[in-house]
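Given next are the chains, with one letter for each unit.
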Amino acid sequence: MIKKVLCLVGFLMAGQAHAISYSYTGNFEGDDSRFYTTFGVTTASTVDLTSWGYAGGTNAAGDTIADGGFDTQLFVFDSSGSLVASNDDGSSVVSASSGLSWDALLSLSLGIDTYTVVLTQFNNDFISGDPVTGSWSGAGVSNFVDVSGSQRTSAYAFDISGDYITDVTGFQVDVPEPATLALMGLGLAGIGFARKKKQA
């Protein structure tokens, strides 16, 4: 389940811009899942993107995010699908449980365009193609264990904020684990074999 909260984090005098923040929280079904946020920028400006999963903290909506989520990373694409920026460990928020700072943080100067941000687990890197249907490397871990060997949860939190952002929409893509894919493949093969046998 994805929870989205819109909050106004600042307001300037009439006629001036006001910073708007969107906060998302949720859980991934598998290590290679991805959370997408699309948004428009109406005037060239700075957009801040922050993940809160690994170390926890307080997001823009004022929710307290628990320490212990997976090691996050962020990728930003423009409307043509070109990679604009990515970040793995940009946050300075330290996890009390591990002593590490492995959340992602980006503060980008973006022009007028439509963008897609992807939040995923560390080492699930974008390779090529469309950001949604293209190739990703896979995290290479099971059950959200990080590279230090620490067990983490599937929980994430993500904030996007800026003065001139619009049409913000978030959605999650859950990618089945290899074992699940193998079982699905066997199941489909079994169905195909049964149909072939029935027709014979």
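Residues numbered from 1 in each chain as written. Predicted model: local features only at pLDDT ≥ 70, side-chain atom pairs only at ≥ 80, totals over all residues. Heavy atoms only, no water.

(A) View of unusual backbone geometry. Within the chain, Asn-123 stands out as a residue other than glycine whose phi angle is a positive 80°. Locating Asn-123 in the fold gives a position in the loop between strand S10 (113–121) and strand S11 (126–128). One non-glycine residue with positive phi stands out, namely Asp-167, at about 50°. As for its position among the elements, Asp-167 is in strand S14 (residues 165–173). With relative accessibility at 62%, the residue Asp-167 sits in the exposed group. (Helix = DSSP H or I, 4+ residues; strand = E, 2+ residues; numbered from the N terminus. Buried < 20%, exposed > 50% of the residue type's maximum accessible area, 1.4 Å probe, protein only.)

(B) Molecular detail of the pattern of salt bridges. Scanning all chains against the criterion turns up 1 salt bridge. Between Arg-152 and Asp-67 there is a salt bridge; the shortest N-O distance is 3.4 Å. On the criterion of sequence distance, the pair formed by Arg-152 in the loop between strand S12 (135–136) and strand S13 (155–162) and Asp-67 in the loop between strand S6 (64–65) and strand S7 (72–77) is long-range, its members being 85 residues apart. (Salt bridge = Lys/Arg side-chain N within 4 Å of Asp/Glu carboxyl O.)

(C) Inspection of the packing of aromatic side chains at higher detail. This model, assessed by the stated rule, comprises 13 aromatic pairs. Between the aromatic rings of Tyr-36 and Phe-171, the centroid separation amounts to 5.1 Å while the plane-to-plane angle is 5°, which identifies the pairing as stacked. Of this pair, Tyr-36 sits in strand S3 (residues 34–41) while Phe-171 sits in strand S14, placing them 135 residues apart in sequence. Tyr-36 gets classed as buried once you look at its relative accessible area, which sits at 0%. Exposure remark for Phe-171: the relative accessible area of 31% places this residue in the partly exposed category. Measuring from centroid to centroid gives 5.3 Å for Phe-75 and Trp-136, while their planes differ by 90°, and the two rings are edge-to-face. One end of the pair, Phe-75, is in strand S7; the other, Trp-136, is in strand S12, and 61 residues separate them in sequence. Assessed through its relative accessible area of 12%, Trp-136 is described here as buried. The structure contains a cluster of three or more aromatic residues connected by ring pairs, namely Tyr-24, Phe-28, Phe-35, Phe-70, Phe-144, Tyr-156 and Phe-158. Its guanidinium or amino end placed over the ring of Tyr-54, Arg-152 lies 3.7 Å from that ring's centre, counting from NZ or CZ. (Phe/Tyr/Trp six-rings, centres within 6.5 Å; stacked < 30°, edge-to-face > 60°. Lys NZ or Arg CZ within 6 Å of the ring centre and 35° of its normal.)

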